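# Structural overview for review
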Amino acid sequence: MNLEGFLACPSCDVLFDISTLEDGESAHCSRCGHFLSTYRADATQRVIAYTSSALMLLALACSYPFMSFKASGLESVMTLPQTALNLWHYGMPGLAFLVAAFIIFIPALVLVLMLALNVALLFERDCDWLRPVGRLIYWLQNWSMVEVFFIGVLVSLVKIGHMATVIMGLSFWAYALFSLFFVLSLAGLDRAQYWQRIEALQS
Amino acid sequence: MRNVAVDAPLTAASQGLASCHLCLKLAAANQQRCPRCGAALHLRKSNSLERTLALLLTACVLYIPANVLPIMVTDQFGQPTPSTIIGGVVLLIDMGSVAIAAVIFFASVMIPVSKLAMMFYLCWSVRKGPAETVRQRTVLYRITEFIGKWSMIDVFVVAILVALINLSNLLVIRPGAAAMAFAGVVIVSMLAAESFDPRLMWDQREKSDE
């Protein structure tokens, strides 16, 4: 039996042929309903646009004030790296490391790797690093918490909004847009389609 | 072939094929590594139930210090006030913000507890669950997998408040030990969801059909 274009549902193991998907179409498992794959002819171009925008926005978000807090004539300003650095200062290096990894380092690494992978696919370059990079991207993407952090920011605003004046800085808006582009980048990176294309390059 | 799948499902395992957990490649199940991406190849996730249960128990143990110890300490005019997760909710109710208290209670208590309970139920259901609910149970698994990382909100809120509220002698917020324990609960329960294999539930149903 020819297995080209077939995949097994990750939830219930039923076999499906996804090679007949048209541009913009998605496939779901007919037995358990799990999402299988989406085919987009321009996925590479989209992902390159999203990842490069997201990387620039993350650089902005790390270099300007995120929020400032004013009460009784005093003001304290926070930057994005400080969310991790202050935990370190208070004697919790483990937690500082986790927070920095989840909201800055893992997302940044995933974006750089995605950009490299997509540029290689765009120019149809077969490189030795494609497979390990692909594995790393799909393994790391579960551990980036960009959108969770952003909702955490909104929750904190609700919690302290009545206590004092909170002013959003440039970095806040940059991080909001960064979250959006990051989610779009990951959504564009369809697992089944990308691995078929990596395989096609190498044969 | 696609249309046949509903009535008589043709599974990869029944054809002697393993689906790579990382790149979804179908390959002969006797191979050690995926021929496409090089990840370790298994017919089903190895020791899935044992691993999931061990991680769930770890999460339950970590959940105790996460609730007993203070998650943050508020220093107002040099006077430290430690607060636990539940304490924060009670404080919000006392201040009259019942809606916010409800949201925080739901996100920091209800979701983590029900996620652990759901995962225990799923593990139990692999062997004993009713065959006709397998589709609903698969959806339940997808929900636990999806909400996993969202429990980290609490930890991020602490990190943000600690970084933002730092008015020398007037008002300072410091992190508490429970923040680390709570991060541990979230990470370990995410690993538990990752090691559970929903296909085991479908395998069991196919066995009972025969």
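Nothing here was measured: the structure is a model prediction, and the numbers come from that model.

With that settled, the discussion passes to the overall build of chain A. For chain A, the helix and strand inventory stands at seven helices and seven strands. Its helices and strands taken in sequence order, chain A reads β-β-β-β-α-β-β-α-α-α-α-β-α-α from the N to the C terminus. In terms of its C-alpha atoms, chain A occupies a principal-axis envelope of roughly 75 × 40 × 30 Å. The buried share among the 203 residues of chain A stands at 41%. Within chain A, contacts between residues at least 6 apart in sequence are counted, and of these 59% link residues at least 24 apart.

Take the domain arrangement of chain A next. Under the domain assignment used here, chain A contains domain 1 (1-39) and domain 2 (42-202). Between domain 1 of chain A and domain 2 of chain A, the C-alpha centre-to-centre distance is 29 Å.

This part is about the sheet that holds strand 6 (residues 74-79) of chain A. Residues and elements named next belong to chain A. Within the open sheet, the three strands sit side by side as 6-5-7. Their pairing is antiparallel. The sheet terminates laterally at strand 6 and strand 7 (165-168), the two strands that pair on one side only. On average, each strand axis in the sheet is inclined to that of its neighbour by 20°, with strand direction left out of account. Summarising the sheet, strand 5 (residues 65-71) and strand 7 pair through four bridges and their orientation is antiparallel. For F69, the partnering residue across the bridge sits in strand 7 and is V166. Here helix 6 (residues 170-188) sits on the sheet in contact with strand 5, strand 6 and strand 7, set at roughly 135° to strand 5.

Here the focus is the interface of chain A and chain B. The partner chain B presents 50 residues to the 56 residues of chain A that form the contact. With 10 residues, helix 5 (residues 146-160) of chain A is the single largest residue contributor to the side of chain A that touches chain B.

As far as domains go, chain B holds domain 1 (1-43) and domain 2 (45-209). Using C-alpha coordinates to define each centre, domain 1 of chain B is positioned 33 Å away from domain 2 of chain B.

Residue and element names in this part refer to chain B. At a minimum axis separation of 10 Å, helix 1 (residues 48-68) and helix 3 (residues 98-128) run at an interaxial angle of 155°. Taken together, the axes of helix 1 and helix 3 lie roughly antiparallel to each other. Helix 3 is crossed by helix 1, and the crossing has left-handed handedness. Where helix 1 abuts helix 3, its residues L49, T52, L53, L56, A59 and C60 lie against L116, M119, F120, C123 and V126. Grouping the amino acids of the contact of helix 1 with helix 3 by side-chain chemistry returns 10 nonpolar, one polar and no charged.

Residue and element names in this part refer to chain B. When we look at burial in helix 7 (residues 199-209), the residues that qualify are R199, M201 and W202. End-on view of helix 7: buried residues confined to an arc of 155°, all on one side of the axis. Residues of helix 7 that are exposed and angled more than 90 degrees away from the buried face: K207 and S208. Where helix 7 is buried, its residues touch helix 3 and helix 4 (134-147).

All right, on to the environment of B:V126 then. For B:V126, the location among the structural elements is in helix 3. Excluding its chain neighbours within four sequence positions, the residues that come into contact with B:V126 are B:L49, B:L200, B:M201 and B:Q204.

What follows concerns the nonpolar core. With 114 residues, the main nonpolar core has B:A159, B:L161, B:F182 and B:A183 as its most contacted residues. Among all residues touching B:F182, those that are not within four sequence positions of it are B:A66, B:I71, B:D154 and B:V155.

On to helix 5 of chain A. Between its first and last C-alpha atoms helix 5 of chain A spans 21 Å; for 15 residues at 1.5 Å apiece the expected length is 21 Å, and the two agree. Buried within helix 5 of chain A are the following residues: A:V146, A:V148, A:F149, A:F150, A:G152, A:V153, A:S156 and A:I160. Where helix 5 of chain A is buried, its residues meet helix 3 (93-122), strand 7 and helix 6 of chain A together with helix 5 (153-164) of chain B.

Residues and elements named next belong to chain B. Taking strand neighbours across the sheet as the criterion, the four strands line up as 4-3-6-5 in an open arrangement whose pairing is antiparallel. The open sheet has two edge strands, strand 4 (79-83) and strand 5 (166-167), and neither has a second partner. Alignment of strand 3 (residues 72-76) against strand 6 (residues 171-175), held across five bridges, turns out to be antiparallel. Within strand 6, the residue paired with T74 across the bridge is I173.

Moving on to the pairing of strand 4 of chain B. Residue and element names in this part refer to chain B. In terms of burial, strand 4 is a largely surface element, zero of the five residues being buried. Inspection of the sheet shows strand 3 paired to strand 4 by five bridges, in the antiparallel sense. Note that in strand 4 the partner of D75 across the bridge is P80. Joining the antiparallel neighbours strand 3 and strand 4 is a turn of two residues, in which F77 adopts a positive phi near 50°.

Okay, the packing of helix 5 of chain B against helix 6 (residues 177-195) of chain B next. Residue and element names in this part refer to chain B. One can describe the packing of helix 5 onto helix 6 by two numbers: an axis separation of 9 Å at closest approach and a directional angle of 150°. Overall, the two elements helix 5 and helix 6 adopt an arrangement that is roughly antiparallel. Helix 6 is crossed by helix 5, and the crossing has left-handed handedness. Residues D154, V155 and V158 of helix 5 pack against A179, F182 and A183 of helix 6. Of the residues belonging to the contact of helix 5 with helix 6, the class tally is five nonpolar, no polar and one charged.

Cut-offs and rules
Residues numbered from 1 in each chain as written. Chains lettered and ligands numbered in written order. Predicted model: local features only at pLDDT ≥ 70, side-chain atom pairs only at ≥ 80, totals over all residues. Helix = DSSP H or I, 4+ residues; strand = E, 2+ residues; numbered from the N terminus. Buried ≥ 20, exposed ≤ 12 C-beta atoms within 10 Å, placed from the backbone. Contact = placed C-beta atoms within 7 Å. Domains from an automatic or database assignment. Pairing = 2+ DSSP bridges. Axes fitted to C-alpha atoms, helices over the stretch in contact; angles between N-to-C directions. Parallel < 35°, antiparallel > 145°, perpendicular 65-115°, else oblique. Left-handed = near helix turned anticlockwise from the far one by under 90°. Nonpolar A, V, L, I, M, F, W, Y, C, P; charged D, E, K, R; others polar. Arc of directions from axis to C-beta. Core = buried A, V, L, I, M, F, W, Y, C linked by C-beta atoms within 7 Å. Expected span 1.5 Å × (residues − 1).

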